[in-house]
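# Coordinates in review
Take a look at the letters that make up each chain.
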Amino acid sequence: MVPIKLKGRTISRGCAEGEVLLSRDPISFLGNVDPETGIVIEEKHSLAGKSIKGKVLVFPHGKGSTVGSYVMYQLKKNEAAPVAIINLETEPIVAVGAIISEIPLVDMLEKSPYEFLKDGDIVLVNGSEGYIELLKPKGCKTE
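As a starting point, this report considers the structure included with it. (Residues numbered from 1 in each chain as written. Predicted model: local features only at pLDDT ≥ 70, side-chain atom pairs only at ≥ 80, totals over all residues. Heavy atoms only, no water.)

Here we come to the side chain of Ser 12. With respect to the helices, strands and loops of the structure, Ser 12 is situated in strand S2 (residues 9–12). Of note is the side chain of Ser 12, whose polar atom sits 3.3 Å from the backbone oxygen of Ala 98. At 2.9 Å, the side chain of Ser 12 and the backbone oxygen of Ile 103 are in polar contact. Each residue touching Ser 12, except ones within four places of it in the same chain, is listed here: Ala 98, Ile 99, Ile 103, Pro 104, Leu 105 and Gly 127. (Helix = DSSP H or I, 4+ residues; strand = E, 2+ residues; numbered from the N terminus. Polar contact = N/O pair within 3.5 Å; in protein donor to acceptor, adjacent residues only side chain to side chain. Contact = heavy atoms within 4.5 Å.)

In structure tokens form, the structure reads like this:
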């Protein structure tokens, strides 16, 4: 398998690897994600009932209150945050939250992540150099 590596824009520096959790719905961290557990509690959200803890969270952009940045920080302090984030285009609430929480974040990839990523894929997010790399598609066995 030839690795897929795509350039993007650095929002928050750092490097992390993990399992993809994909949402086509925007996310509001204030009131819609439990800061203690990392479980999405917004009833009609595509990730409702799922935990973002330890995942590479892929979503189009954030929404809602500026307090969402602090909720992201609470998630990190409670060890319930995603290990990295990929957005289509990051807005200031998520950008600030990722930066203060030291969660690597890349956006504006040269190809939409929805075209090649699936839940369960293993990806590397390099926020320092501004790229992501698909390391292992879901179901791909390692040698």
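Now that the structure has been shown, we can carry on.
Once that is clear, we can look at helix H1 (residues 68–77). Listing the buried residues of H1 in full gives Gly 68, Ser 69, Val 71, Met 72 and Leu 75. The buried residues of H1 occupy one face: seen down the axis, they fall within an arc of 160°. Residues of H1 that are buried make contact with strand S5 (84–87) and helix H2 (92–101). Taken from the residues just after H1, Glu 79 is the one with a positive phi, measuring 55°. (Buried < 20%, exposed > 50% of the residue type's maximum accessible area, 1.4 Å probe, protein only. Arc of directions from axis to C-beta.)

According to the stated counting rule, one finds two aromatic pairs in the structure shown. Between the aromatic rings of Phe 29 and Phe 59, the centroid separation amounts to 6.1 Å while the plane-to-plane angle is 70°, which identifies the pairing as edge-to-face. With Phe 29 in the loop between strand S3 (15–22) and strand S4 (55–59) and Phe 59 in strand S4, this pair connects stretches of sequence that are 30 residues apart. In this structure, Phe 29 and Phe 59 share a single accessibility class: buried. Relative to Tyr 73, the ring of Tyr 70 has its centre 6.2 Å away and its plane inclined at 35°; by these criteria the two rings are tilted. Of this pair, Tyr 70 and Tyr 73 both sit in helix H1, three residues apart, which is roughly one turn of that helix. Taking relative accessible area as the criterion, Tyr 70 reaches 47% and is therefore assigned partly exposed. Since its relative accessible area comes to 28%, Tyr 73 is described here as partly exposed. (Phe/Tyr/Trp six-rings, centres within 6.5 Å; stacked < 30°, edge-to-face > 60°.)

Attention shifts here to the pairing of strand S8 (residues 131–136). Note that strand S1 (residues 4–7) and S8 share four bridges and pair antiparallel. When the bridges of S8 are listed, Lys 5 appears paired with Glu 133. Strand direction decides the pairing type here: strand S7 (residues 122–126) and S8, joined by five bridges, are antiparallel. Bridging from a neighbouring strand, Leu 124 pairs with Glu 133 of S8. Joining the antiparallel neighbours S7 and S8 is a turn of four residues, in which Gly 130 adopts a positive phi near 75°. (Pairing = 2+ DSSP bridges.)

Time to look at the nonpolar core. Residues Phe 29, Ile 52, Leu 57 and Ile 85 are the most contacted members of the largest nonpolar core, which totals 21 residues. For this core, the secondary structure elements donating two or more residues are S4, H1 and H2. Ile 52 has contacts with Leu 21, Phe 29, Val 33, Gly 38, Val 40, Leu 57, Leu 75, Ala 80, Ala 81 and Pro 82, leaving out every residue within four places of it along the chain. Judged by nonpolar contacts, the second largest core, of 17 residues, contains Leu 22, Val 58, Leu 109 and Leu 117. (Core = buried A, V, L, I, M, F, W, Y, C linked by side-chain atoms within 4.5 Å.)

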